Each structure stands twice: as C-alpha cells, then as structure tokens.
Amino acid sequence: MNLVVLALGYGVVSASIIAMGAVGFSLQYGMSQIFNVSYGAMMTVSAYAAYVVDVRLHAGLWLGIAGAGATGCLLAVASERLLFTPFLRRGATAFVIVMVSLALDIFVQNAIVAVSGFGFVSYGLAPGHVYRFLGTDWTSLQFVLVGISIAAMLFVGLTMTKTKLGKAMRATAADPELAGSCGIKVRRSTTLTWALSGILCGLGGVALGISSASFSNLSGDDFLFVVFAAAVIGGLGNAYGAVLGALVIGITTEEVAIVSPGLQDVAAFAILAFMLLARPGGLIRLGGRVRADTVTV
Amino acid sequence: MNASGPAYARVMCGRMSGARRRRRLFAAVTAVAVVGGIAGTAAATSRGSSSTLTVGVFEPFSGPDGLYGNVALAGCLSATKAIDAAGGVLGHQMGCTAANSTSDPADAVPAVNKMLSSVSNLVFVVGPGVPAPTTAPLISARHIPMISANGSPQYDQNQDPYFYRLVQPDSITGKVLAYWAIKHGFKTAVGVFTNDAGSQTVPGPLAAAYKHFGGKMLKELNVSPGRPSYRIEAQEAISAKPQVIFTEMDPQSASTFWSEALQVNGKLPPVLGTEESTLNPWLSAVLPVVKNKLNLVALKQSDPAPSLGLRLYQSGLRGIGSQVKNPTQFNVDTTSIADFDGVTVAALAMNAAKSTDPKTYQPYITKVTGPLVKGAVIVHSYSQGVRALRAGKTIRYFGADGQIIFNQYHNGAAPSTALKLNAVARTFKAVGVVPVTEIAKLAALKS
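Cut-off values and rules
- Residues numbered from 1 in each chain as written.
- Chains lettered and ligands numbered in written order.
- Predicted model: local features only at pLDDT ≥ 70, side-chain atom pairs only at ≥ 80, totals over all residues.
- Heavy atoms only, no water.
- Helix = DSSP H or I, 4+ residues; strand = E, 2+ residues; numbered from the N terminus.
- Buried < 20%, exposed > 50% of the residue type's maximum accessible area, 1.4 Å probe, protein only.
- Contact = heavy atoms within 4.5 Å.
- Areas by Shrake-Rupley, 256 points an atom, 1.4 Å probe, with all protein chains shown as cover.
- Axes fitted to C-alpha atoms, helices over the stretch in contact; angles between N-to-C directions.
- Parallel < 35°, antiparallel > 145°, perpendicular 65-115°, else oblique.
- Left-handed = near helix turned anticlockwise from the far one by under 90°.
- Nonpolar A, V, L, I, M, F, W, Y, C, P; charged D, E, K, R; others polar.
- Disulfide = S-S within 2.5 Å.
- Pairing = 2+ DSSP bridges.
- Buried area = accessible area lost by both parts, 1.4 Å probe.
- Salt bridge = Lys/Arg side-chain N within 4 Å of Asp/Glu carboxyl O.
- Polar contact = N/O pair within 3.5 Å; in protein donor to acceptor, adjacent residues only side chain to side chain.
- Core = buried A, V, L, I, M, F, W, Y, C linked by side-chain atoms within 4.5 Å.
- pLDDT = per-residue confidence, 0-100.
- Expected span 1.5 Å × (residues − 1).

Engineer: Would you mind going over the overall build of chain B with me for this structure?
Structural biologist: Along the backbone of chain B there are 14 helices and 18 strands. Buried positions account for 64% of the 447 residues belonging to chain B. Considering only residue pairs separated by 6 or more positions, chain B has 73% of its internal contacts joining residues 24 or more positions apart. As presented, chain B carries roughly 14400 Å² of accessible surface, and 55% of it is formed by carbon and sulfur atoms.

The structure is reproduced here in structure tokens:
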C-alpha cells in the first residue's frame, strides 16, 4: 500500500474530528472574541457524558452522542451566560477572559476527577469492518465519525447561511450594536451561537473518545492544541476556515507520521507558527472569501 | 498474578521517570493551580505527637499525577503501621505526612522547601519522583535520606549519598525486554514507544541490548502521546512483520495504537511490554478495544514468590482505609511496595545506628540490607529486624519485594517477573523470572 495515499485517507478522518472542535471554537471566538481555553475540558465532559449514557446506562452510542451534544451545549451556554458575560460587562480585558477560561478549565478537569476518579474509560467499540478503496482503508467506525462530522458541518453551514437565525448570528458577530439597532436580538443570537458551538464541542469530544479508543480527564485538553491550530490557521472566527484548517492539520500530521511519528505535533505547531507569521488572518482571509464581517442582513 | 486491582504504581510514567504524562499542553497548568487547598504541604495523615518521627511523603497529591501521592502514602502508612505495632523506633512512634509536590516540577521546589521548614521530626522522605533533579538536592542538603521512584537514567550512577532508589531504572527495563525476547526466540522486532521523557528512557538501552544479543530492530517508532490516531504508525509496525513488538505507551495512546494495529490485518504479533501494561488504567483502556487479540507478556519488577514482607505490606494496607481511598488497589503496586520497604529499611537503620538523627543513621541503610554475609540474620519484617538487632546480630532485610541490595550508586536490584496476560479474565500469570543475577549482568551491559 502507498503510505502517502493511506495517510491522506487517515488525514481526512483526523480532520473530521478536529473540524468539529475547531468550528465550535471558532464560532465562540467569532461571536464573543473569547479565546476559550476551557473548551478542551468541555469536550472531555461531553465525552464522559456519552460514556455514561452508552456504557453505564446501556442506552446505546447514538443516544450517547446526542447526550454529548446536549452536554456540550449546556456547558457552553452556562459558561457564556454565567461566567464570561458577567466578566465582559465589568470590562474584563481579553487577557482576563483567557485567565477566567483557564480557571474554568482547571475547575472542570478536577471536577471530572472528583466525580469519576483518575483513570481511563472506553466506549469499548470494535473498529468494525475494514473497507479498502482508492488506496486507503477505513473502518465502519471511521465512516461513522466522518459522517457525523460532515452532517454537523452541513448543519452549521446551512444554519449560518440559509436561515434568519444564522444571518442574525453573523450580523451580531460582525457588529453587535449595529445588529441591535437593526432589530436583531443580540443576546439571543449570542446564546444560540454558543449553544451551537457547544453542540459541536460535544460532538468533537465524543468523536475524540471514539477515535482514541479511550480517554481520561485530560484528553480534551491534550487535543486542544490541534483544535486551536486548525481554528487559527483557518482564520479565527471563521467557521469555513476552521474546516479548512482542520483538513490542513489532519492531513499534514498524518503525512508527517510517515517520516517521523514523533513530529506530528511539531508539524502542527510549525504550520501554526508559519501562518501566524505569514497570514495572521488565516487561510480563508487569504482568498478574500466569506467572513462574518462581510455579511449584510 | 492478578492485576485486576488498579495498581496505578508507575502508571504511564514508568517509575515516574520523567514528566511523562504531562507533555500535555494544559496539564502543567492544571498542576500549578489544581485545587489550591491541597497545594503545599498537606495535612498530617497519622499521629502527631512531638516525639513522633515523621516520614514526609513528597509526591503529587493533585493535578494529573495526583494518584501517585496516594500510591506512596499507602506504602508509607503500611510500613509505619507495622513499625508502630512493633513498638516504634527507639521509643518513638512513626507517622507519615503527605507533602504535595504537585504535578509540576516548577512548583515542587517551593513545596519541598515548605515541607522541610514546616514538618517537625522529619527523618525520612518518600519521594521525590519526577521533580527529583530540582528537589532531591534540597532534601540532601538537610541530610535526610529519601527513597525515590524516579527511574531516570541520570540516577543510574547517582552520587548523592542520601538518595536511594528501589524501583527498577528504565535502562534496566529496556535491557530486560531485550533479554527476554532473545531468550524466547524473537529475533526481529519493532519498538513502539511514546516520545515523552519517561518512555524515551527505555528504547535506547533496549535497542542496544537487543542488538548486542543478536536481535534486529526492524523499526523504532516513537510516537507523540495522546493523538487521536496512530494509523500510519500501526501500518508501519505491522507491515514490518516483526516477531515481537516492544512497547511502553500511556493507556490512551496504547488503546488508540493497538485498536488501529488490529485494523491493519486483524491480528497482532506477540507484544512485550513493561510494567505499565500490567496496570489497571492500561488494561481498562486497552482491553475493551483489543479484547482477546492481544498476546502480551509484561516484564515487571517483582519477586514471583509471595514473601512474608509482601503479606505484611498487604495486611498493612487493609488498615489504612481512613487515610487512603481504597488502599488495597495497591496490593501489587511496585512503587508502593518499594516505598514500604524504603521506610522499613530506614527504621531498621535507625535501630542499627541507635539514633534517629538522619545524618547518623543514613550510613546504616546499606548495613541492614545488601548481600548475605557470614553470621547475618535474614529478617522479613521490622519486628524481626529489631529483635535481631537487640540481640546484637547483623541483619539483612528481605522486604516485600524480596532481597534488597543497593549498589554503590544506591540503586536497588530486584528480579523481574514475566507476566502473561489473560485478556478475557483480565489476569496475569507468571511465566518466568529474570533473576537478580541476570539483572546485575544486564546493568553492567553498556547501553
């Protein structure tokens, strides 16, 4: 088998997991300019929620995935409403907000340990049948992950572009005051954006747990770096950019593994550093494509 | 041997030889700030009279490595329980105090200073693990002996007179794997290790020893830990068609790797692992996804013959439930057992020196342990040791992990037992031993 082609296929699988996290993260940033470091911990909590539903309650993986999305949604809205917004109202700077999200991250991590203890849990899913095509091979489980990711991306894309709600979200992200003066319910739009990002966060968490075969209280935080990288490379605040960033990171890191497996994280960081130097605005901006601040309602 | 209790001993960290697990982006940060109330020197965990001799358990009790503190505390408390039951040390009771080293080496320095300045009658330290390079010198400066769980090669030729190590150095672990593979006819191999500091101390000595014994390493894969996939690495490992795969990976990375290795052609070659793959977190993470397709033998530092010392250790664990949650989970935990032996040896050394002054009793640590000499009495417990010393005998302590022999670098040697996994029953069965004599030869082998 050609390893380069294999890595390309595997890269798409990795990208699909990264994309869910990165798009959710990017939505939060785009709406509120909050660099939410606790995002990884929320992914972890969502993965645990799916574990409880699927493994402990024997309700099945699909309900578990739904539970993860709901948990992510709840956590995102709660953190935005009860934590970040009060700080922003008090005029907290971006640095303070990052510190607040860091504190939340630490709190959530330790809360997980307090509830579930140290250790690793697994959904116990077998990889399933291996399908070989176009020089690559995927398991049925990987098809499911990619499918969920594509469905989620389509849902976000259609919501953002084809619905009034999406337009309101984008308008609020671009200029909240102007959006408010146009009759858009800014508060509601913000909350709904965070809810949507939370669902993606939850789905990303459970996808990570499935792909990794097991996870712990730190898994989401460990994964956060590639999520950041994808979001930044694509252009922070830009959902489409985040998808593109995820593809770049996912495929590159898999290809790099052919040369040296230990360099995967290094490659992701190198791309991030290069993009920050060359195009801080991200890939999509490079092409002058869709951005929230270009939308008219 | 049943490893179903979550013996978290050197979980993922192989004898905690590096900042292994916490390569992670936010783990260090977590460790810095985790549960502020716990940070710093924690509450005393046993008797607190002024005449009580105190053993400081300087290990992380918070953050990602937080369980290690309880591992060490369990060993210490089990030992002091036996010591106090035998009348204490020269009229003093002995107790253990948890001193949180946190999971971040940077925070460990103020933490050790706090322990050294605030804990009274500190006569011995269990620890430090990962932060040994920065904190052990501070403990030594106070002339306080310590038993460390740091497996790093930098202590293979330790010159610090107060630093002792009973856990197997990582360099020996690698050589033991190579020795076992060759002895069982595995002439070609692939190594799969995570590229964090802890795991990376194993592959070098392993590859050198394997080559020395005539084996051929087809591929050495050092992977980034915690990634969501290792499909390419798994493909490369299986495609090389090795007779055996050597491995040490943290539970999450291992579960990802082995489940994806199965994806390549549905079966796995024999696997030789380190002690890490006998630990409950590893089994919990890996077995659900590979089920009975993993043909694993793990080489673990332990004496396969149950000793009186081990029974005493395990008996002691049963009585400390109020201080350590579910202590019997550490029944076969190498690190906890080593800490039990370390504290017992220190107490015996105090008796032999007729002094509880650390500087005075420290040279006696190697006088109550070591190779058998003419006229020496073998003792398996603290009470036996005290009786023999009072009778004017020379003693040799055979602890919970068998005979204890410190070399000139204060590194202890112990046999390694090969444990074959029954993935269905989730148990291990001893299938062979690498004796102390072979371990000593392997130690002398150039890495």
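Engineer: Teacher, can you tell me more about the packing of helix α1 (residues 3–32) of chain A against helix α8 (residues 186–212) of chain A here?
Structural biologist: Relative placement of two packed helices is described by the angle separating their axes and the distance separating the axes. Residues and elements named next belong to chain A. Interaxial distance between α1 and α8 falls to 8 Å at its minimum, and their mutual angle equals 160°. When the axis of α1 is compared with that of α8, the two are roughly antiparallel. Classified by chirality, the crossing of α8 by α1 is left-handed. Contact residues: α1 offers I17, M20, V23, G24, L27, Q28, M31 and S32, while α8 offers S189, T190, T193, W194, L196, S197, L200, L203, G204, A207, L208 and S211. Across the contact of α1 with α8, the residue classes tally to eleven nonpolar, nine polar and no charged.

Engineer: Honestly, the state of the cysteines in this entry has me stumped. Any pointers?
Structural biologist: When the sulfur atoms of two cysteines share a covalent bond, that bond is a disulfide. Under the defined criterion, the tally for this structure stands at one disulfide over all chains. Here C76 of chain B connects covalently by a disulfide to C96 of chain B, the sulfurs 2.1 Å from one another. For the disulfide bridge between C76 of chain B and C96 of chain B, the dihedral angle about the S-S bond is near -95°, and by the sign convention the bridge is left-handed. Highlighted residues: C76 of chain B in helix α2 (residues 67–85) and C96 of chain B in strand β3 (residues 94–100), separated in sequence by 20 residues. By relative accessible area, C76 of chain B is classed as buried at 0%. For C96 of chain B, a relative accessible area of 1% gives the class buried. In this structure C73 of chain A is a free cysteine whose sulfur lies 10 Å from that of C201 of chain A, the closest cysteine sulfur available.

Engineer: Just checking my understanding: could you explain the pairing of strand β17 (residues 416–422) of chain B for this structure?
Structural biologist: Put simply, side chains in a regular strand alternate between the two faces of the sheet. Residue and element names in this part refer to chain B. For β17, the buried fraction is high: five of the seven residues fall into the buried class. As judged from the seven bridges shared by β17 and strand β18 (residues 427–434), these two strands associate in the antiparallel manner. Residue pairing across strands places S416 opposite V434, the latter belonging to β18. Remark: four residues form the turn of the hairpin made by β17 and β18, two consecutive strands paired antiparallel; R426 in that turn has positive phi of roughly 55°.

Engineer: Sorry if this is basic, but what is going on with the pairing of strand β4 (residues 122–126) of chain B here?
Structural biologist: All names here are of chain B. A large share of β4 lies buried, amounting to five of its five residues. Here strand β2 (residues 53–59) pairs with β4 via four bridges, running parallel. Counted as the bridge partner of G56 is V125 from β4. Sheet topology places β4 next to strand β5 (residues 146–148); two bridges connect them, and they run parallel. Within β5, the position partnered with V125 by the bridge is M146.

Engineer: Would you mind going over the sheet that holds strand β7 (residues 188–194) of chain B with me for this structure?
Structural biologist: All names here are of chain B. One open sheet holds the seven strands; their spatial order is β8-β7-β9-β10-β11-β17-β18, and the pairing between them is mixed. The strands lining the two open edges of the sheet, one partner per strand, are β8 (216–223) and β18. With strand direction ignored, the average angle separating the axes of adjacent strands in the sheet is 25°. Contacts between helix α6 (residues 203–212) and the sheet are confined to β7, β8 and β9 (244–248), with β8 contributing the most and set at about 175° to the helix.

Engineer: Explanation requested: the interface of chain A and chain B in the structure shown.
Structural biologist: Note: interface size is frequently given as the accessible area lost on complex formation between the parts. In this assembly, 51 residues from chain A lie in contact with 44 residues from chain B. Counting each side, the surface lost to burial between chain A and chain B is near 3700 Å², with a carbon and sulfur contribution of 57%. The largest share of the area that chain A buries against chain B comes from F118, F120 and D222 of chain A, three residues that together contribute 18% of it. On the surface where chain A and chain B come into contact, there are two salt bridges. The partner of R231 of chain B in a salt bridge is E254 of chain A, and the shortest N-O contact between them spans 3.9 Å. Run the count over chain A and chain B and you get 15 residue pairs in polar contact (both at pLDDT 80 or more). For the side of chain A that touches chain B, the elements supplying multiple residues, two or more each, are α1, α4 (94–116), β1 (130–133), β2 (136–139), α8, α9 (219–234), α10 (239–259) and α11 (264–278) of chain A. Among the elements that line the side of chain A that touches chain B, the one with the most residues is α9 of chain A, at eight residues.

Engineer: I would appreciate a short explanation of the pattern of salt bridges in the present structure.
Structural biologist: If the charged atoms of two oppositely charged side chains come close together, the side chains can form a pair. One pass over the structure, following the stated rule, counts eight salt bridges over all chains. With its nearest N and O atoms 2.6 Å apart, the salt bridge here joins R132 of chain A to D137 of chain A. Of the charged contacts, one joins R231 of chain B and E260 of chain B as a salt bridge, the two residues approaching to 3.4 Å between their closest N and O atoms. Pair noted here: R231 of chain B is in helix α7 (residues 231–239) and E260 of chain B is in helix α8 (residues 251–265), with a separation of 29 residues, a long-range link. Take R231 of chain B and E260 of chain B: they sit in the same class, and that class is buried. Several salt bridges share partner residues, and in doing so they unite E254 of chain A together with R231 and E260 of chain B into one network.

Engineer: Where do I start with the nonpolar core in this structure?
Structural biologist: A general feature of soluble globular proteins is that nonpolar side chains tend to end up buried together. Counting 69 residues, the largest nonpolar core has V23, L27, Y123, F223 and I249 of chain A as its most contacted members. Broken down by element, this core gets its largest block of residues, eleven residues, from α9 of chain A. Once residues lying within four places of it in the same chain are set aside, the contact partners of Y123 of chain A are A47, A50, Y51, D54, V55, V206, G209, I210, A213 and F215 of chain A. L53, V324, L348 and A353 of chain B belong to the second-largest nonpolar core, a separate cluster that totals 55 residues.

Engineer: Just checking my understanding: could you explain the sheet that holds strand β13 (residues 395–399) of chain B for this structure?
Structural biologist: Adjacent strands of a sheet form backbone hydrogen bonds with each other and so pair up, either parallel or antiparallel. Residue and element names in this part refer to chain B. Spatially, the three strands line up as an open sheet ordered β12-β13-β14, and their pairing is mixed. Every other strand in the sheet has two partners, leaving β12 (377–379) and β14 (402–403) as the edge strands with one partner each. Taken together, the three bridges between β12 and β13 define a ladder with parallel strand orientation. Its bridge partner lying in β13, V379 is registered against Y397. Packed on one face of the sheet, helix α13 (residues 382–390) meets β12 and β13 and runs near 155° to β12.

Engineer: Teacher, can you tell me more about unusual backbone geometry here?
Structural biologist: Peptide bonds are mostly trans, and most non-glycine residues show a negative phi. Residue and element names in this part refer to chain B. At the junction of G127 and P128, the peptide bond is cis and its omega measures out at -5° in the coordinates. Looking at the secondary structure, you find P128 in the loop between β4 and α4 (132–141). Positioned with a positive phi, L90 is a non-glycine residue whose angle comes to about 50°. Topologically, L90 is positioned in the loop between α2 and β3. At K291, a position not held by glycine, the phi torsion is positive, near 50°.

Engineer: So what exactly am I meant to see when it comes to the confidence of the model for chain B here?
Structural biologist: Low pLDDT marks regions whose predicted coordinates should not be analysed in detail. Overall, the prediction assigns chain B a mean pLDDT of 85, with 87% of residues at 70 or greater. Across residues 1–50 of chain B, where pLDDT falls below 50, the model places 200 contacts with residues more than four positions away in sequence or in other chains.

Engineer: Hey, could you run me through helix α11 (residues 334–353) of chain B in this one?
Structural biologist: With 20 residues, α11 of chain B ought to run about 28 Å at 1.5 Å a step, and its terminal C-alpha atoms sit 28 Å apart, in line with that. Positive phi appears at K354 of chain B, one or two residues downstream of α11 of chain B, with a value of about 55°.

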